[in-house]
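Given next are the chains, with one letter for each unit.
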Amino acid sequence: MKGAAGGGSRGQELVDRLYRTGELSRDQFTELIAGRRTETEAYARELARRVRERVYGNCIYIRGLIEFTNYCKNDCYYCGIRKSNRKAQRYRLTREEILDCCEEGYALGFRTFVLQGGEDGYFTGERMKEIIEAVKKRYPDCALTLSVGEKDEDTYRMYREAGADRYLLRHETAEECHYRRLHPPELSLKNRKNCLKTLKKLGFQTGAGFMVGSPGQTPETLAEDFMFLKELQPEMVGIGPFIAHQDTPFGNEPSGTVKDTLFYLALVRLMLPEVLLPATTALGTAHPQGRELGILSGANVVMPNLSPAAVRKKYMLYDGKICTGDETAEHLADLAGRIEKTGCRIVTDRGDHKKRSFQKI
Ligand code: SAH
């Protein structure tokens, strides 16, 4: 492949600049995103794959995703488990059920567990602390990731002191008007960003991210996302296509595309070479080979579903969310086979972020 623009287009020149310097200006991001051609995308994806290989070799990390509650006090317009969706059948797992998921996952080789859920008031700081301590006591060699939304600093600190290692909180969009378009008035971008800063400060390996093709997204809002990610320096970035859920206000909105998602995954890899970047379930839902394509565009993490089979269909963030095939933990061998076809392999260590060391506080 020709490096350093090699006589290529303006798009390639900007991709090269991002690769070489790790940054672009806001206007350059907008220009790259708005004006790109298919060749530019292919170029960025191939470069991103090489960067992933340079940093992480052919290793793909796995995380066992435990969706432990779908109760939520929030009403995000895009989300299938928003509080106004009366059709959602609500559930929450007990501590014992969560530990059973971990046991099953540990036997399969998982060394990271991700506890994700809606913002469920039942799980107070104290209850979460008990769960975190119980998981970490039984599985001291495993990393524990939380993804339970916005809390105050004291609560985040409590989680951290109880032993949680990582936290996923997608910022969803870094542009104010777009944020308003996606969320009800009681939620604010300012608070979301503050939460992310607090999580970083407390020493969590922190994940931000956004949906691709959410209603109102433009090259300008995306440029804002990239500027924000550059500033935050998250250890993880979650990016997947927006997919409409029929029982939400966005039920009839078009979904984000696989092609766009792969391009933005590649740009994130080029901007933040060491980042832990999952090929998400939404990408796997949008395309049968979504995960493999993600890996070939710079992703290096997959997150199979470890939730009990009986509740999986209830954690429906969007229509058609896959939950019975290769993305489930019990079909890990099938997923591993598919990943091998990309020249990569699943590894079963904790898979921490490469560059920084994370101390327990
Ligand atoms: N309550 C937690 C977890 C939210 S669910 C939190 O606030 O972080 C995890 C992610 O799923 C969200 O951050 C969002 O980006 C994504 N998601 C929600 N609805 C979606 C949809 N309709 N299509 C694609 N992704 C969606």
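Residues numbered from 1 in each chain as written. Predicted model: local features only at pLDDT ≥ 70, side-chain atom pairs only at ≥ 80, totals over all residues. Heavy atoms only, no water.

(A) Summary view of the site of the ligand. As a matter of local geometry, the ligand sits amid 17 residues, with Y78, G117, R170, E172 and I243 nearest to it. Between a nitrogen atom of the ligand and a main-chain N or O atom of G117, the distance comes to 3.0 Å. Measuring from an oxygen atom of the ligand, one finds a side-chain N or O atom of R170 at 2.9 Å. Relative to its free-state accessible area of 550 Å², the ligand is covered by the protein chains to the extent of 92%. Of the residues contributing to the shell around the ligand, the split by class is 10 nonpolar, 4 polar and 3 charged. (Near = heavy atom within 4 Å. Polar contact = N/O pair within 3.5 Å; in protein donor to acceptor, adjacent residues only side chain to side chain. Areas by Shrake-Rupley, 256 points an atom, 1.4 Å probe, with all protein chains shown as cover. Nonpolar A, V, L, I, M, F, W, Y, C, P; charged D, E, K, R; others polar.)

(B) Representation of the packing of aromatic side chains within the structure. In the structure shown here, the tally under the stated rule is 15 aromatic pairs. Aromatic side chains F29 and F226 sit 5.0 Å apart centroid to centroid with 15° between the ring planes, which places their arrangement in the stacked category. On the criterion of sequence distance, the pair formed by F29 in helix α2 (residues 26-35) and F226 in helix α9 (residues 219-232) is long-range, its members being 197 residues apart. Looking at F29, the relative accessible area reads 1%, which means it is buried. Among the residues examined, F226 registers a relative accessible area of 0% and is labelled buried. Here the aromatic rings of F263 and Y264 are separated by 5.8 Å at their centres, their planes lie at 50°, and the arrangement is tilted. Three or more aromatic residues joined by ring pairs make a cluster, and in this case those are F29, F210, F226, F263 and Y264. Looking at R111, its charged tip hangs above the ring of Y106, at a distance of 3.5 Å from the centre. (Phe/Tyr/Trp six-rings, centres within 6.5 Å; stacked < 30°, edge-to-face > 60°. Helix = DSSP H or I, 4+ residues; strand = E, 2+ residues; numbered from the N terminus. Buried < 20%, exposed > 50% of the residue type's maximum accessible area, 1.4 Å probe, protein only. Lys NZ or Arg CZ within 6 Å of the ring centre and 35° of its normal.)

(C) Molecular detail of the nonpolar core. Among the nonpolar cores identified, the biggest contains 110 residues, and F113, Y159 and Y264 are the most heavily contacted of them. Here this core gets 10 residues from one element, more than from any other, and that element is helix α10 (residues 258-271). Leave out the neighbours within four places in its chain, and Y264 touches I33, R36, F210, V212, L222, F226 and I239. (Core = buried A, V, L, I, M, F, W, Y, C linked by side-chain atoms within 4.5 Å. Contact = heavy atoms within 4.5 Å.)

(D) Molecular detail of the side chain of E172. You can see E172 is positioned in the loop between β5 (166-168) and α7 (176-182). Once you skip the residues sitting within four places of it in the chain, E172 turns out to touch Y78, L182, H183, R192, G209, F210 and M211.

(E) Broad picture of helix α8 (residues 189-201). An ideal rise of 1.5 Å per residue puts 18 Å on 13 residues; α8 measures up with 18 Å between its terminal C-alpha atoms. Along α8, the residues classified as buried are L189, R192, C195, L196, T198 and L199. Contact partners of the buried residues in α8: α6 (153-162), β5, α7, β6 (205-212) and α9. Looking one or two residues beyond α8, the residue adopting positive phi is G203, at roughly 90°. (Expected span 1.5 Å × (residues − 1).)

(F) Summary view of the environment of L99. With respect to the helices and strands, the residue L99 is situated in helix α4 (residues 95-108). The exposure class assigned to L99 is buried, which follows from its relative accessible area of 2%. Between the C-alpha atoms of L99 and K200, which are 101 residues apart in sequence, the distance is 27 Å. Look past the residues within four positions of L99 in its chain and what remains in contact with it is A134, V135, R138 and Y139.

(G) Broad picture of the sheet that holds strand β8 (residues 301-302). Overall, parallel pairing links the 3 strands, which are arranged β8-β1-β9 in an open sheet. For this open sheet the edge positions go to β8 and β9 (345-347), each flanked by a neighbour on one side alone. Where strand β1 (residues 59-62) and β9 come together, 3 bridges link them in parallel fashion. Note that in β9 the partner of Y61 across the bridge is V347. In the packing of helix α14 (residues 332-340) onto the sheet, contacts are made with β1, β8 and β9, and the angle to β9 comes to roughly 130°. (Pairing = 2+ DSSP bridges. Axes fitted to C-alpha atoms, helices over the stretch in contact; angles between N-to-C directions.)

(H) Here's a closer look at the pairing of β6. Burial runs high along β6: 8 of the 8 residues are buried. Note: β5 against β6, 3 bridges, orientation parallel. Across the sheet, residue Y167 finds its bridge partner in β6, namely T206. By the bridge criterion, 6 bridges tie β6 to strand β7 (residues 236-241) in an arrangement that is parallel. Paired with A208 across the two strands is V237, which belongs to β7.

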